[in-house]
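Structural overview for review
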Amino acid sequence: MHDVKFVRENPEAFDAAMKTRGLAPQAQSIIELDEKRRSLQTEMQEMQARRNSASKEVGEAKRNKDDARAEALMAEVQGLKSGLAEAEQKEKETAAELTGILESLPNLPLEGVPVGADEEDNVEIRKVGDPKSFSFEPKQHFDLGENLGLMDFEAAARLSGARFVVLKGALARLERALANFMLDLHTGEHGLSETITPALVRSEALYGTGQLPKFKEDQFHTDDDYWLIPTAEVTLTNLAREEILKEDELPKRYTAWTQCFRSEAGSAGKDTRGMIRQHQFSKVEMVSIVHPDKSEEELERMTACAEEVLKRLGLAYRVIVLCTGDMGFGARKTYDIEVWLPGQDTYREISSCSNCGEFQARRMKARFRPNGEKGTRFVHTLNGSGLAVGRTMVAVLENYQNEDGSITVPDVLRPYMGGLERIEAPQS
């Protein structure tokens, strides 16, 4: 959500920022609606004041037995009542139209974010590790999993349809191992607070983080008006909703391992095989609620936390900064981390870490009171995958595969796998 005052005072800068996001100028229509709304509010205040004074005058006229004046004043009061109701309706409609525009516009990019139209204009920041080479043709994860008899897409399709998977045996345990490893790292070394949150939320929660109303089609909705979370960003960030925190309480850093649900609207034909793009998947999420002066620093910290998972797993990856045209709706700066997948012979996204500034906080009314001050300020919010568990499994399977189709378990995961060193097909 945008600050109308900022738009009024910086219309050219606002439109320039919208242009980098691929949008037409918006400031003039916002300012005109805001002026109309303010004018109606002034009109309502004046009518209400006159209505109050006229009502008092009615009593005086009656006490003076001036029936003609009393009747004229009562007619005026009735007219003001009707006029006030009409003005209130117009103000309500104007405010709704203004809010509709403001809530539909993406966040303003931070200075220095590369300007571009799409993913082709993203900028690589660094590469870490060398892509693994093989003496044989590496397979993709779905071939490896199916050949092991531990990844079953057909059974999932019978249960739920396309874009689901059933994991069995050692691969089911591998998913749990990966999530537990990530949680232990983030809580034990990175200072995040482990949190368990609901998977079902009300509309207000999705509105607060920007999924509603613009991205309604991307969500799963229940018949009794709940929404399945697309990420724990929704629940963790909304912990600050309608709160006024003390400055000394910041930063707040959370992590959670949850099931996530996305309709994948518009992704027909993309990653139809395998675990890259599914309707249900698990993810370890990171969320930070911070002082506005600290959010840029926090983004670097959060990204480093996500990178550390890949470093400990011995997986090659790269970090890119997204351009203005590829950045998410609520972000003002985003780093994507892409892991090397030898089966696909390319890097694929495994984490996205974003600084949302006060964009979400305005929608949630999440504030803090600076030390020694009476007023409040909006907090800044950040979120990032730490990591997407299913995609991390994909990376482990493809990078640690052996020529015979077995999978070597990375050293750091073996304590979580009961000491298992190699995943092989179960003996029949």
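Residues numbered from 1 in each chain as written. Predicted model: local features only at pLDDT ≥ 70, side-chain atom pairs only at ≥ 80, totals over all residues. Heavy atoms only, no water.

1. Structural notes on the overall build of the protein
Scanning the protein from N- to C-terminus turns up twelve helices and 18 strands. Scaling as 2.2 N^0.38, a compact globule of 428 residues should have a C-alpha radius of gyration of about 22 Å, whereas the protein reaches 28 Å, well beyond that. Pairs at least 24 residues apart make up 72% of the contacts formed inside the protein by residues separated by at least 6 positions. A total of about 20,900 Å² of accessible surface is found on the protein, and carbon and sulfur atoms cover 45% of it. For the protein, the centre of its 56 positive side-chain charges and the centre of its 72 negative side-chain charges are spaced 4 Å apart. (Helix = DSSP H or I, 4+ residues; strand = E, 2+ residues; numbered from the N terminus. Rg over C-alpha atoms; globule rule 2.2 N^0.38 Å. Contact = heavy atoms within 4.5 Å. Areas by Shrake-Rupley, 256 points an atom, 1.4 Å probe, with all protein chains shown as cover. Lys, Arg positive; Asp, Glu negative; His and termini not counted. Charge placed at Lys NZ, Arg CZ, Asp CG, Glu CD.)

2. Some details on the domain arrangement of the protein
What the domain assignment lists for the protein is domain 1 (4–104) and domain 2 (119–423). Computed over C-alpha atoms, the centres of domain 1 and domain 2 are 45 Å apart. Of the residues lining the interface, five residues belong to domain 1; the matching set on domain 2 comes to ten residues. Summed over both partners, the interface of domain 1 with domain 2 comes to about 590 Å²; 38% of that surface belongs to carbon and sulfur atoms. (Domains from an automatic or database assignment. Buried area = accessible area lost by both parts, 1.4 Å probe.)

3. A short note on the side chain of S406
If you trace the backbone, S406 turns up in the loop between α12 (389–399) and β17 (407–408). On the basis of relative accessibility, which here comes to 3%, the residue S406 falls in the buried class. Among the polar contacts made by the side chain of S406, one reaches the side chain of R422 at a distance of 2.8 Å. With near-sequence residues (within four places) excluded, S406 lies in contact with Y400, Q401, R422, I423 and E424. (Buried < 20%, exposed > 50% of the residue type's maximum accessible area, 1.4 Å probe, protein only. Polar contact = N/O pair within 3.5 Å; in protein donor to acceptor, adjacent residues only side chain to side chain.)

4. Digging into the nonpolar core
L174, L178, M182, L310, L315, L397 and I423 are the most contacted members of the largest nonpolar core, which totals 52 residues. The element that contributes the greatest number of residues to this core is helix α7 (residues 169–188), accounting for nine residues. Once residues within four sequence positions are removed from consideration, L174 is found in contact with M393, V396, L397, L413, M417 and I423. With 15 residues, the next largest nonpolar core counts M1, I30, L33 and L102 among its residues. (Core = buried A, V, L, I, M, F, W, Y, C linked by side-chain atoms within 4.5 Å.)

5. Considerations on the sheet that holds strand β5 (residues 200–201)
Sheets are built from strands that pair by backbone hydrogen bonding, the pairs being arranged parallel or antiparallel. In space, the three strands of this open sheet follow the order β5-β7-β6, with antiparallel pairing throughout. Edge strands, defined here as strands with exactly one partner in the open sheet, are β5 and β6 (220–221). As paired strands, β5 and strand β7 (residues 227–228) are joined by two bridges and run antiparallel to one another. Residue pairing across strands places V201 opposite W227, the latter belonging to β7. (Pairing = 2+ DSSP bridges.)

6. A few points about helix α10 (residues 295–313)
The end-to-end C-alpha distance of α10, which contains 19 residues, comes to 28 Å, matching closely the 27 Å that a straight helix rising 1.5 Å per residue would cover. Backbone geometry just downstream of α10 places G314 in the positive-phi region, at approximately 70°. (Expected span 1.5 Å × (residues − 1).)

7. A closer look at unusual backbone geometry
Following L212, the chain continues to P213 via a peptide bond in cis, the omega torsion being 0°. Relative to the elements of secondary structure, P213 occurs in the loop between α8 (203–209) and β6. P251 follows L250 through a cis peptide bond whose omega is 0°. Its place among the elements puts P251 in the loop between β8 (244–246) and β9 (252–261). Residue R163 is not a glycine yet carries a positive backbone phi of 65°.

8. Brief notes about a negative patch on the surface
A cluster of acidic residues, D118, E119, E120 and D121, forms a negative patch at the surface. Within the secondary structure, E119 is located in the loop between α4 (67–104) and β1 (123–128). Classification of E119 as exposed rests on a relative accessible area of 56%. (Patch = residues over 30% accessible without salt bridge, like charges linked within 9 Å, V, L, I, M, F, W, Y side chains within 5 Å. Salt bridge = Lys/Arg side-chain N within 4 Å of Asp/Glu carboxyl O.)

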